[in-house]
Amino acid sequence: MDAIVDILLAVSFWTAAVRIATPLIFGTLGELICERAGVLNLGIEGIFTVGAMAGWMAVYQGLGLWGGVFVAVGTGMGFGLIHAGFTVGLGVSQHVTGIGITLLASSAAYFTYRTVLPDVNTPPRIEPFQQLPIPLLSDIPLLGPALFSQTALTYLAFGSVVVVAFVLYRTPLGLAVRAVGENPAAAEAQGISVVAVRTGAVAVGSGFMALGGAFLTMSAFNAFFFEMVGGRGWICIALVVFASWRPGKALLGAFLFGAFDAFQVRLQQSIGAAIPYQIFLMLPYLLSILALILVSRRAAYPRALMVPYRKGER
Amino acid sequence: MRLEPRQDVGLVLLVAAPAGAIVAALVLAAIPLAFAQVSLLDAYRLMATGALGGQFAITETLTRATPLILTGLAVTAAFRARLWNIGAEGQLYAGAMAAVLVASHAWIDSSLVMIAVMLLTGAAAGALLLIVPTLLKTRLGVDEVVTTLLLNFVVLLFVSMMLEGPLQDPMSMGWPQSEPIAAIAELPDLIARTRLHVGFILALIAALALWLVINRTRWGFEMRAVGANVDAARFAGMPVGRVMLLTAVLSGGLAGLAGVGEVAGVRGYLALDLSPGFGYTGIVVAMLAQLNPLGVVASAIFIAAIFVGADSMGRALGVSSYIADLVVAFALLAMLVAGLVTRYRLRRG
């Protein structure tokens, strides 16, 4: 019991929770934008991977950290446009396209990495984003350092939640996105181009996903590893359902997840070798499944999710 | 311009569509090959000879195709009923682990009994793994895409735990791998001094059997009906939940068999690198075959040829073997377009 209290009172625990949550915030927001417009984006896992690689590679080639962020987002949006071309333009299966984009994006990332660095065994490191403590706020005990002594990308994630929520609920653009996800025929009748709005949403959402990947290489691990994304994309899809497609709840879900993950790592350290480490590594995946089970019964999916829209076709 | 559904799809189009997709994928492969700065002509030639030039190459390709046929069939069965099983990878490992559990010691003198029990347990393990997310889907409305995907990670970690614990071979000097299975449980080689094993024939039989089930039985009819329109099927009085469950048993079982085949036919033991993504590639195999079990055989052999050919080309020219994954991804996306062409025609106005 004391061990648990010690964990919860340590600054490092809360800091780690926020750090683990950051890529999930980006990914969940990105998936949420796509799904709100009616498109399930199973390309997320691959777009995470390619974002991680592209951002890292750009910095490694001397483009600077923010240059890397732009390259990552641009690459992610590019794959998002391919996804949209298939699912929105052609209206083919969103499941299969998504798996195809994940295959394409992750193998493109690995292929590029191996082609540029054929004989590298230890992944080269880059100088990552540094901690940027915000004066005064970061002095608050416990939560201050956790929330306000992070890197620029974490602040960007917080800001994105506010911006996405604002755009989604307070602007005509957001209304259009929600409309094409709920009732595309009615939206079209209002003069909204379903194809344009959905394509835009998938591209922007994919940009966010790539940002989540870029955080991994540019702010967390400082290098690119094979299989480094490790299912984070799939976890984001579960988090979107958990968050009932709302940005604020997505933030909360990502935090809860981050806290749980940080907690299990510390618990593992204090319990020691009594329980195989794999059990702890399984927990995040099992937790995601459990979260899905708990909310699925009353999940209010966007009504046109996974329904392709072809003008004039019923 | 608009799309209009075709009334009937001719056989020519059914074969031309995947062929076109394959050509498109190979043409698109020129982009990464050019990026790797190798001669395109050499690359394609080496890929072709590496996959199909000579007995060794061909048996390697067929060996590689064996698990892909089975995972391709697993995906075909599930997708026909619109059960989005993306967990064939995990089901494969579950089957492989079950094979090691029942066949690491010869407990009976009959090779046939050993192999039969091993195949059945492996299939049961794969099926069991898919039953859970299927029940969650039919009973609680939990989306099976995410659950099957996440279970892949859980299973792999579980296998890793077993291979560092109770299943670890004491002679492996600390490597996470299992004891080899008993010699009488090994699937015999089809051709001496090659890796091609009886599992390939079993996979062919499985393809034929699945074709018969889907096209010639009441159960297959119900699977297709549920896949075509679940509400209509329910309205017609079909037991949708039970159909889904049977589909899950079939699909998970086939994926489990793929794992048994790799352990008992190729490796002889279980390790964490048993499958280089056979479960995920099964999705591409199934889509290229347009969810036709007999087509799965052809598309699995093609995909296997890409992997074997790219491996050998990559070694010769120093190109990353991820080129094969790229070609497979291209093929899947091209097939989505080709599938659209077979189902619709473009009309002006």
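Cut-off values and rules
Residues numbered from 1 in each chain as written. Chains lettered and ligands numbered in written order. Predicted model: local features only at pLDDT ≥ 70, side-chain atom pairs only at ≥ 80, totals over all residues. Helix = DSSP H or I, 4+ residues; strand = E, 2+ residues; numbered from the N terminus. Rg over C-alpha atoms; globule rule 2.2 N^0.38 Å. Contact = placed C-beta atoms within 7 Å. Buried ≥ 20, exposed ≤ 12 C-beta atoms within 10 Å, placed from the backbone. Core = buried A, V, L, I, M, F, W, Y, C linked by C-beta atoms within 7 Å. Nonpolar A, V, L, I, M, F, W, Y, C, P; charged D, E, K, R; others polar. Expected span 1.5 Å × (residues − 1). Axes fitted to C-alpha atoms, helices over the stretch in contact; angles between N-to-C directions. Parallel < 35°, antiparallel > 145°, perpendicular 65-115°, else oblique. Left-handed = near helix turned anticlockwise from the far one by under 90°.

Colleague: For the overall build of chain B, give the residues involved together with the corresponding values.
Modeller: Scanning chain B for helices and strands turns up 14 helices and two strands. In summary, chain B has a C-alpha radius of gyration of 21 Å against a globular reference of 20 Å for 349 residues, a match within 12%. Projected onto its principal axes, the C-alpha positions of chain B cover 70 × 60 × 30 Å. Across chain B, the fraction of contacts at a sequence separation of at least 24, relative to all contacts at a separation of at least 6, is 78%.

Colleague: So, the overall build of chain A: which residues are in play, and what are the values?
Modeller: When helices and strands are counted, chain A shows 13 helices and zero strands. In sequence order, chain A lays out its α and β elements as α-α-α-α-α-α-α-α-α-α-α-α-α. Over its C-alpha atoms, taken along the principal directions, chain A stretches across nearly 65 × 50 × 40 Å. Taking all 314 residues of chain A together, 50% fall into the buried category. Partitioning the intrachain contacts of chain A with sequence separation of at least 6 by distance along the chain shows that 79% fall at a separation of at least 24.

Colleague: Mind laying out the nonpolar core, listing which residues take part and the relevant values?
Modeller: Within the largest apolar cluster, 222 residues are counted, with the highest numbers of intra-cluster contacts made by A:Leu239, B:Ala99, B:Val327 and B:Ala331. Setting aside residues no more than four positions away along its own chain, B:Ala331 makes contact with B:Ala21, B:Ile22, B:Ala25, B:Val284 and B:Leu288.

Colleague: Could you give an account of unusual backbone geometry, with specific residues and numbers?
Modeller: Residue and element names in this part refer to chain A. For Glu227, which is not glycine, the phi torsion reads 60° and is therefore positive. Within the element layout of this structure, Glu227 appears in the loop between α10 (194-220) and α11 (232-242). The class for Glu227 is exposed, based on 9 C-beta atoms found within 10 Å.

Colleague: Explain the environment of A:Phe86 to me, and be specific about the residues and the numbers.
Modeller: All names here are of chain A. Secondary-structure assignment places Phe86 in helix α4 (residues 65-90). The class for Phe86 is buried, based on 24 C-beta atoms found within 10 Å. Put simply, Phe86 and Glu182 are 96 residues apart on the chain and 20 Å apart in space, counted from C-alpha to C-alpha.

Colleague: Tell me about the interface of chain B and chain A, residues and numbers included.
Modeller: Residue-level contacts link 40 residues of chain B with 37 residues of chain A. Taken together, the elements giving at least two residues each to the side of chain B that touches chain A come down to β1 (2-5), α2 (30-35), α6 (111-140), α7 (144-163), α12 (278-288) and α14 (322-343) of chain B. Taken together, the residues of the side of chain B that touches chain A break down into 31 nonpolar, six polar and three charged.

Colleague: So what about the environment of B:Met238? Which residues, and what values?
Modeller: Residue and element names in this part refer to chain B. For Met238, the location among the structural elements is in the loop between α10 (230-235) and α11 (240-267). Here Met238 falls in the partly exposed class, since 17 other C-beta atoms lie within 10 Å of it. In contact with Met238, other than residues within four places in its own chain, are Glu222, Ala225, Val226, Ala233 and Val243.

Colleague: Explain helix α3 (residues 44-60) of chain A to me, and be specific about the residues and the numbers.
Modeller: All names here are of chain A. Its 17 residues give α3 an end-to-end C-alpha distance of 24 Å, which sits within 8% of 24 Å, the value for a rise of 1.5 Å per residue. Where burial is concerned, most of α3 is hidden: 16 out of the 17 residues are buried. Directly after α3, the chain includes Gly62, whose backbone phi takes a positive value near 95°.

Colleague: Talk me through the packing of helix α5 (residues 94-116) of chain A against α14(B); I want residue IDs and the actual numbers.
Modeller: For the pair α5(A) and α14(B), interaxial distance at closest approach is 8 Å and the crossing angle is 155°. Here α5(A) lies roughly antiparallel to α14(B), going by the angle between them. For the pair α5(A) and α14(B), the crossing hand works out as left-handed. Each of A:Val96, A:Thr97, A:Gly100, A:Leu103, A:Leu104, A:Ser107, A:Ala108, A:Tyr110, A:Phe111 and A:Arg114 in α5(A) lies in contact with α14(B), whose residues at this interface are B:Tyr322, B:Ile323, B:Asp325, B:Leu326, B:Val328, B:Ala329, B:Leu332, B:Leu333 and B:Leu336. Here the contact of α5(A) with α14(B) is built from residues that sort into 14 nonpolar, three polar and two charged.

Colleague: Provide a residue-level description of the packing of helix α1 (residues 11-28) of chain B against α14(B), including the pertinent values.
Modeller: All names here are of chain B. Direction vectors running N to C along α1 and α14 enclose 145°, while the axes themselves pass 8 Å from each other. The way α1 lies across α14 gives a crossing that is right-handed. Contact residues: Leu13, Leu14, Ala17, Pro18, Gly20, Ala21, Ile22, Ala24, Ala25, Leu26 and Leu28 in α1; Val327, Phe330, Ala331, Ala334, Met335, Ala338, Gly339, Val341 and Thr342 in α14. Partitioned by chemical class, the residues of the contact of α1 with α14 number 17 nonpolar, three polar and no charged.

Colleague: Kindly report on the environment of B:Arg195, identifying the contributing residues and their values.
Modeller: Tracing the backbone shows B:Arg195 in the loop between α7 and α8 (199-216). For the pair B:Arg195 and B:Thr63, spaced 132 residues apart in the sequence, the C-alpha separation amounts to 6.5 Å.

Colleague: I'd like a description of α14(B), backed by residues and values.
Modeller: Over its 22 residues, α14(B) runs 32 Å from end to end, which matches the ideal 32 Å to within 8%, given 1.5 Å per residue. Across the 22 residues of α14(B), 16 count as buried, placing the element largely inside the fold.

The values are spatial; any link to function lies outside them.
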